[in-house]
Amino acid sequence: MTADQYLQNILFRESVDVTATSPLRRIQGQITPLIQSWAGHHLRRISPSGSFAKGTANKNGTDIDFFISLADTATAPLGDIYNSLFETLKAAGASPKKQNVSINIRLNGYDVDLVPARQQNMLSEDHSLFRRRANTWTKTNVSTHIAYVMYGGCVPEIRILKLWRNQKGLDFPSFYLELAVISALRGSGGTLSQRVWKALTYIRDNLATARLVDPSNTNNVISDDLTAAEKAAIVAAARTALGAKDWSEIVR
């Protein structure tokens, strides 16, 4: 079996159902009443985002993100909105966990990340969301994120590297990883295995210093989300992968 066949088999094994009948989509119906009760008339919509919407999800460790769009009439501070949603989920017995911009709950065996954000104005899909680690807010546009990754030409490579990240236990946020792979492979050809190798080489050689920004807001520096020590751990893992004798040592 060639390296490309090996990786293609993994991608097939890890394919995720994204149809209308997907179990992950049914979760939206389960959480909607609680979110509607919490947000009231400020709720614009709840929509899938993250890896599921971008096509970069894998069955192993499958999760789904939901973007909770609130109207600009929700004038409370963004930190208060975030914490209010957390307390609502806690009161409902959902055992929520605070992350950077999302709140994680476990539902039907899946990790579900909820991202509350406020529309900046009714003429734009730009939103303001709370960044808990920095105790500040940032502007973002989830629709831009989805299109940027979906049409970036790197979905198979991203999926392989997300499996590598998960299997090696790395703290490497998905959007950061997606931006790194797209940056690594921009304008490149080659087979799947060659491109994954090139992305790993980029991570080893450039991740520590590369400045990767939100394509919808260049002031939002995604590469600042990890510390130097956290980046060093990812770089070390990439260096180990590039020293492997067989692809099975890199990803399974």
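This report concerns the structure included in the present document. (Residues numbered from 1 in each chain as written. Predicted model: local features only at pLDDT ≥ 70, side-chain atom pairs only at ≥ 80, totals over all residues. Heavy atoms only, no water.)

A few words on the packing of aromatic side chains. Summed over the entire model, instances satisfying the criterion amount to 3 aromatic pairs. Seen in terms of ring centroids, Tyr 82 and Phe 130 are 5.5 Å apart; in terms of plane orientation they differ by 55 degrees. Their pairing is tilted. Taken as a pair, Tyr 82 in helix H4 (residues 78–91) and Phe 130 in strand E6 (residues 127–131) lie far apart in primary sequence, 48 residues in all. In this structure Phe 130 comes out as buried when scored by relative accessible area, which is 11%. Plain terms: the ring middles of Phe 172 and Tyr 176 are 5.3 Å apart, the flat faces sit at 85 degrees to each other, and that makes the pair edge-to-face. Classification of Phe 172 by relative accessible area gives buried; the value is 3%. (Phe/Tyr/Trp six-rings, centres within 6.5 Å; stacked < 30°, edge-to-face > 60°. Helix = DSSP H or I, 4+ residues; strand = E, 2+ residues; numbered from the N terminus. Buried < 20%, exposed > 50% of the residue type's maximum accessible area, 1.4 Å probe, protein only.)

Looking now at the nonpolar core. Trp 164 and Leu 200 are the most contacted members of the largest nonpolar core, which has 42 residues in total. Contributions of two or more residues to this core are made by helix H1 (3–13), helix H6 (155–167), helix H7 (174–185), helix H8 (192–206) and helix H9 (228–242). Considering each element in turn, this core owes the most residues, 9 residues, to H7. Not counting the four nearest positions on each side in its chain, Leu 200 is found in contact with Leu 161, Trp 164, Ala 238, Ala 241, Leu 242 and Ile 250. Grouped together as the second largest cluster of nonpolar side chains are 25 residues, Ile 35, Leu 70, Ile 103 and Val 112 included. (Core = buried A, V, L, I, M, F, W, Y, C linked by side-chain atoms within 4.5 Å. Contact = heavy atoms within 4.5 Å.)

With that out of the way, let us pick up the pattern of salt bridges. It is possible for side chains of opposite charge to pair when their charged atoms get near one another. Overall, the coordinates contain 10 salt bridges when judged by the stated rule. Glu 125 is the salt-bridge partner of Arg 45, the closest N and O atoms lying 2.6 Å from each other. Note that Arg 45 is positioned in strand E1 (residues 43–49) and Glu 125 in the loop between strand E5 (110–119) and E6, a separation of 80 residues in sequence. Residue Arg 45 is classed as partly exposed on the basis of its relative accessible area of 29%. Residue class for Glu 125 comes out partly exposed when judged on its relative accessible area of 25%. (Salt bridge = Lys/Arg side-chain N within 4 Å of Asp/Glu carboxyl O.)

Functional significance is not addressed by these values, which are geometric in nature.
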